[in-house]
Amino acid sequence: MEQQFLFAPSFPTWFILVFGVFTLIIALFSYLWVKRKLPLEWKLGLLSLRLLAIVLLLLPLMRPAIETKEKFVEKAQLLFLLDQSESMSFHDELDGKSRAETVNHLFTQNQNLLQILEKQYHVKKYDIRNQLQQNQEGFVLRPDGFSSPLTKSLKVLFSESSRKRSQGLIFISDGQDTQMEDLASVSPLFLAKKVPIYGIGVGEPQLSTGLIDVGALEMKAPLTTFQENTFVVESTFQFLACRNESITLEFLVDDQLVEKITYRPTIYSEQKILKFLHTLPKKGLYKLTLRAIPLKSELSLTNNTLETFIEILEGEIKVLYLEGQPRSEFKFLSRAFEQAREIQMKSVLLMKASETITSENGKEVPQSIEDWMKYDVIILGDIPKNRFSLTQLENLKKSIEEGGRGFLMIGGFQNYGSGGYANSPIADVLPVIISEKEEQFFGFFKPTLTTEGQEHFVLRLDSETSTSATLWKNLPDLDGYTKVSGVKTTAIMLLKAQEDPLLVYYPYGYGKGRSMAFLADTTWRWSLSPKETALSFKKFWRQMLLWLARRDDFNQDKVWIQLDERRFPQLQKIPILVMAEKTSGATSQGTAKLSIRAPSGKVELFTSDLNAKGFSFPYQPLESGIYELSAEVKDQERQIGKSETKIVVFRPNHEIEHPQADFASLKQLSRESGGRFYSIQQLPALLEELKTKPSAILIEKVILRDIWDNWICFLLVLLLLTAEWTLRKWKNLA
């Protein structure tokens with residue numbers, strides 16, 4: 001260790017000397033000009049105090065310091081960067097080994113040499129596993145990353161390790177950057193710091209004829225469907241170098257084999273869309289799986305299987321609505337149930353008034369009992385009896401009476417008695433008495449709830465009776481209705497117009513079925529009103545159809561988890577919406593809690609308040625696998641309901657898109673950084689070469705310690721100036 005005293009002035013030395021002399025002269029004359037006589041020793045003493053203070057103040061300008069030089073030996077860095085992406089698991093090395101197996105075999109064989117290098121150098125190991133990571137496992141490849149951002153990782157590594165001298169960077173990879181960046185673009189950074197990159201190429205730059213792969217690329221299935229409905233599962237498979245190979249593809253439901261097919265590709269690289277049809281009889285959540293049975297020497301096995309979930313809902317209500325006039329009620333009622341979850345309405349407009357509907361010219365209208373039985377509810381609008389054959393109407397009656405179907409006739413000018421139904425099988429089905437001499441009431445009126453109607457399921461617009469009655473009073477008036485001859489003795493009137501019946505039903509059903517008569521046809525006016533009454537329009541009709549189909553229990557408070565799909569890539573944000581609906585309509589307030597269980601078992605809890613779309617929960621899955629979602633919604637501490645579902649989070653297959661190695665990029669990167677490219681078999685030779693290179697460097701460290709920058713100097717200046725001022729004060733010179 002060497003030490004020396006030196007000055008490191010802040011300004012030129014001549015300037016500091018001139019400034020110091022000028023200051024000293026002023027201090028000298030300040031005492032020579034003193035008029036009061038003082039002994040010479042006093043003048044010299046005071047002058048000395050001031051001069052010492054000035055010297056101490058000038059000292060920082062000269063910056064006196066002690067320089068210490070220390071010399072020591074430091075190990076050079078040796079960096080290892082290991083590509084841990086999924087492409088390193090491809091089997092295209094010698095003897096059918098995977099790229100990772102070949103590298104690990106060489107690491108094991110050269111374990112002693114690696115240990116020598118770890119003693120000789122300061123070895124630092126990094127992994128590329130979707131991003132740059134510190135290596136925690138040593139010299140071993142466990143390829144499980146779904147992407148390999150090589151260029152980006154090299155840039156991050158440079159910023160982390162460029163402060164210390166490095167002997168070089170050993171980069172073991174296949175050279176494929178899934179982000180399609182220019183790998184050689186980072187070469188100038190390492191070249192400037194004299195850090196050569198030794199690229200170690202693994203894999204085959206060209207796919208060999210013996211290397212094959214079957215990949216399931218995409219899977220499409222409905223999010224929900226109804227029990228007994230046939231749904232389609234569609235998948236796109238990619239066959240690489242599988243020409244004339246017999247490939248077995250399987251479709252499973254809840255891990256049980258449902259269908260198996262064999263396919264033989266006819267060209268070297270082929271994509272095939274396959275469809276599987278299936279029906280499930282019970283409601284619930286089912287896992288759907290499509291998989292290809294692995295072939296020998298297949299490139300990758302991680303892309304052979306796709307999974308998703310489908311929710312089977314309780315059987316949907318199928319409604320047939322036959323209308324003979326293009327009136328507003330038909331338009332608004334059809335539109336209201338276009339996207340309903342549990343009601344499928346088929347609306348048919350029959351305009352040819354002079355023709356009888358037969359199987360030949362009326363294909364949309366059922367003929368036999370079996371045809372009518374395909375629907376749960378049949379609605380007849382403003383359409384006369386003569387549009388149907390007698391057989392059709394008799395079969396319709398039997399489907400209600402014996403088949404348990406629901407029936408509704410709504411008001412019009414050409415139905416009920418004026419439409420000729422008084423002497424038809426439908427007259428028995430209707431709960432009102434009709435005749436051919438019926439009249440129409442023209443004018444606005446407000447429907448009135450009867451005592452029975454106030455409590456009936458169909459007319460409850462809110463769970464609270466008083467609120468429901470208020471909603472009915474606030475509904476806009478209707479315009480006109482059909483006047484019938486009376487109500488049958490076994491029927492009950494639920495709504496009335498003035499004193500005339502408006503909505504009538506059989507309380508104990510008609511045979512095995514249910515029947516209603518609604519004598520108005522202008523409820524569409526409600527949907528044009530404010531939001532609250534528009535909701536009442538849909539609720540009124542929905543509850544009527546549910547009752548006719550014997551699905552009263554559908555009308556409960558509901559909570560469901562709404563998703564755009566059920567398969568999501570890992571790390572992608574998922575927009576999860578929790579929706580809630582009370583018997584009185586969509587909820588307007590409340591709090592939702594969402595629980596998400598990851599494949600590892602980790603549970604995360606989230607809370608959300610209601611917004612314009614529902615209860616929103618943006619979520620980013622960090623793992624791949626099956627996630628379990630559970631939601632609960634409360635409204636003013638009262639639970640509205642719960643819902644559960646599952647989703648699949650999959651690892652993106654970026655690696656399989658470009659399976660061949662890219663040695664050209666690795667070679668350019670190595671050459672332009674001052675290093676060399678080696679094949680994986682040449683790795684031991686590189687390690688031997690690094691062992692013979694000097695691994696240590698003599699470092700001279702210079703430490704400069706300022707003398708003036710301390711509290712002692714400041715205290716001395718303060719004491720000197722204080723002493724001078726005190727003496728001057730004493731001698732009355734201040």
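You'll find the structure just up there.
In this report, the structure presented in the accompanying data block is examined. Everything numeric in this text was worked out from a predicted model, so none of it was measured.

Each value, and the rule that gives it
- Residues numbered from 1 in each chain as written.
- Predicted model: local features only at pLDDT ≥ 70, side-chain atom pairs only at ≥ 80, totals over all residues.
- Heavy atoms only, no water.
- Helix = DSSP H or I, 4+ residues; strand = E, 2+ residues; numbered from the N terminus.
- Buried < 20%, exposed > 50% of the residue type's maximum accessible area, 1.4 Å probe, protein only.
- Contact = heavy atoms within 4.5 Å.
- Areas by Shrake-Rupley, 256 points an atom, 1.4 Å probe, with all protein chains shown as cover.
- Core = buried A, V, L, I, M, F, W, Y, C linked by side-chain atoms within 4.5 Å.
- Pairing = 2+ DSSP bridges.
- Axes fitted to C-alpha atoms, helices over the stretch in contact; angles between N-to-C directions.
- Polar contact = N/O pair within 3.5 Å; in protein donor to acceptor, adjacent residues only side chain to side chain.
- Patch = residues over 30% accessible without salt bridge, like charges linked within 9 Å, V, L, I, M, F, W, Y side chains within 5 Å.
- Salt bridge = Lys/Arg side-chain N within 4 Å of Asp/Glu carboxyl O.
- Left-handed = near helix turned anticlockwise from the far one by under 90°.
- Nonpolar A, V, L, I, M, F, W, Y, C, P; charged D, E, K, R; others polar.
- Phe/Tyr/Trp six-rings, centres within 6.5 Å; stacked < 30°, edge-to-face > 60°.
- Lys NZ or Arg CZ within 6 Å of the ring centre and 35° of its normal.

1. Quick look at the overall build of the protein chain
Across its full length, the protein chain carries 18 helices and 38 strands. By the burial criterion, 48% of the 734 residues in the protein chain qualify as buried. Put simply, of all contacts in the protein chain between residues at least 6 apart along the chain, 74% involve residues at least 24 apart. Taken as a whole, the protein chain presents about 36,800 Å² of accessible surface, with 52% of it coming from carbon and sulfur.

2. Digging into helix H3 (residues 99-109)
Of all the positions in H3, only Arg-99, Ala-100, Thr-102, Val-103, Asn-104, Leu-106 and Phe-107 are classed as buried. Close packing links the buried residues of H3 with strand E3 (77-83), helix H4 (111-120), strand E6 (166-173) and helix H17 (683-692).

3. Quick word on the nonpolar core
With 75 residues, the main nonpolar core has Leu-503, Met-516, Phe-518, Phe-540 and Trp-541 as its most contacted residues. The residues contacting Leu-503, other than those within four sequence positions of it, are Val-458, Leu-459, Ile-492, Met-493, Leu-494, Leu-495, Met-516, Ala-517, Phe-518, Phe-540 and Met-544.

4. Observations regarding the sheet that holds strand E4 (residues 122-128)
Strand pairs in the sheet, formed through backbone hydrogen bonds, run parallel or antiparallel to each other. On the basis of which strands lie adjacent, the open sheet formed by 6 strands has the order E5-E4-E3-E6-E7-E37 and mixed pairing. Looking along the sheet, the strands with just one partner apiece sit at the ends: strand E5 (132-134) and strand E37 (677-679). Going from strand to strand, the sheet's axes swing by 25 degrees on average, the running direction of each strand aside. Summarising the sheet, E3 and E6 pair through 6 bridges and their orientation is parallel. Looking at E6, one finds that Gln-77 is bridged to Ser-166. Seen against the sheet, H17 touches E3, E6, strand E7 (197-201) and E37 and runs at an angle of roughly 170 degrees to E6.

5. Some words on the environment of Tyr-619
Structurally, the position occupied by Tyr-619 is in strand E34 (residues 615-619). Taking C-alpha positions, Tyr-619 is 8.3 Å from Gln-572, a pair spaced 47 residues apart along the chain. When residues no more than four places from it in sequence are discounted, the contact partners of Tyr-619 are Gln-572, Lys-573, Ile-574, Ile-576, Ile-596, Glu-604, Phe-606 and Tyr-627. A polar contact is formed between the side chain of Tyr-619 and the side chain of Glu-604, at a distance of 2.9 Å.

6. A short note on a nonpolar patch on the surface
A cluster of nonpolar side chains, namely Trp-711, Ile-712, Phe-714, Leu-715, Leu-716, Leu-718 and Leu-719, defines an oily patch on the protein surface of about 760 Å² accessible area. Topologically, Phe-714 is positioned in helix H18 (residues 711-730). Since its relative accessible area comes to 61%, Phe-714 is described here as exposed.

7. Focus on the packing of H4 against H17
Angle between the axes and distance between the axes are the two parameters that describe a pair of packed helices. One can describe the packing of H4 onto H17 by two numbers: an axis separation of 10 Å at closest approach and a directional angle of 35 degrees. In the crossing of H4 with H17, the sense of the turn from one axis to the other is left-handed. Residues Leu-113, Leu-114, Ile-116, Leu-117 and Gln-120 of H4 pack against Pro-684, Leu-687, Glu-688, Leu-690 and Lys-691 of H17. Each residue belonging to the contact of H4 with H17 can be placed in one class, and the counts come to 7 nonpolar, 1 polar and 2 charged.

8. Quick look at the sheet that holds strand E18 (residues 377-380)
One open sheet accounts for 8 strands, arranged E17-E16-E18-E19-E27-E26-E25-E22; its pairing is mixed. The sheet terminates laterally at strand E17 (343-349) and strand E22 (448-449), the two strands that pair on one side only. Bridge analysis of E22 against strand E25 (residues 492-497) gives 2 bridges, and the strand direction is antiparallel. Bridging across to E25, Thr-448 finds its partner in Lys-496. Strands strand E16 (317-323), E17 and strand E19 (406-410) of the sheet are contacted by helix H7 (residues 328-336), whose axis makes an angle of about 150 degrees with E17.

9. Describing the side chain of Gln-176
Take Gln-176: it is sitting in the loop between E6 and helix H6 (187-192). With residues near it in sequence (within four places) discarded, Gln-176 still touches Ser-148, Leu-150, His-658, Gln-660, Ala-661 and Asp-662.

10. Looking at the pattern of salt bridges
One pass over the full model with this rule turns up 22 salt bridges. In this structure, the salt-bridge partner of Glu-137 is Arg-142, at a minimum N-O distance of 3.2 Å. With a shortest N-O distance of 3.0 Å, Glu-323 and Arg-327 are connected by a salt bridge. The buried category is assigned to Glu-323, whose relative accessible area is 0%. One salt-bridge network, held together by shared partners, links Asp-92, Arg-99 and Asp-174.

11. Quick look at the packing of aromatic side chains
Across all of its chains, the model carries 24 aromatic pairs by this definition. Between the aromatic rings of Phe-80 and Phe-139, the centroid separation amounts to 4.9 Å while the plane-to-plane angle is 80 degrees, which identifies the pairing as edge-to-face. In this pair, Phe-80 is assigned in strand E3 and Phe-139 in the loop between E5 and helix H5 (150-161), connecting sequence segments 59 residues apart. Neither residue differs from the other here; Phe-80 and Phe-139 are each classed as buried. Positioned over the ring face of Phe-139 is Lys-125, at 5.0 Å from the centre of the ring. Here Arg-335 stacks its cationic end above the ring of Phe-332, 5.5 Å away from the centre of that ring.

12. Things to note about the environment of Asp-382
You can see Asp-382 is positioned in the loop between E18 and helix H9 (390-401). In this view, Asp-382 contacts Glu-323, Gly-324, Gln-325, Arg-327, Gly-412, Phe-413, Gln-414 and Asn-415; residues no more than four positions away in its chain are not counted.

13. Topic: the pairing of E3
In terms of burial, E3 is largely enclosed, as 7 of its 7 residues are buried. Because side chains alternate across E3, one face comprises the buried residues Gln-77, Leu-79, Leu-81 and Asp-83, and the other comprises Leu-78, Phe-80 and Leu-82, equally buried. Alignment of E3 against E4, held across 7 bridges, turns out to be parallel. Residue Gln-77 lies in a different strand from E4, and its bridge partner there is His-122.

14. Observations concerning unusual backbone geometry
Residue Lys-194 is not a glycine yet carries a positive backbone phi of 55 degrees. Mapped onto the fold, Lys-194 is located in the loop between H6 and E7. The backbone of Asn-244 sits at a positive phi, close to 70 degrees, despite the residue not being glycine. Secondary-structure assignment places Asn-244 in the loop between strand E10 (230-240) and strand E11 (247-253).

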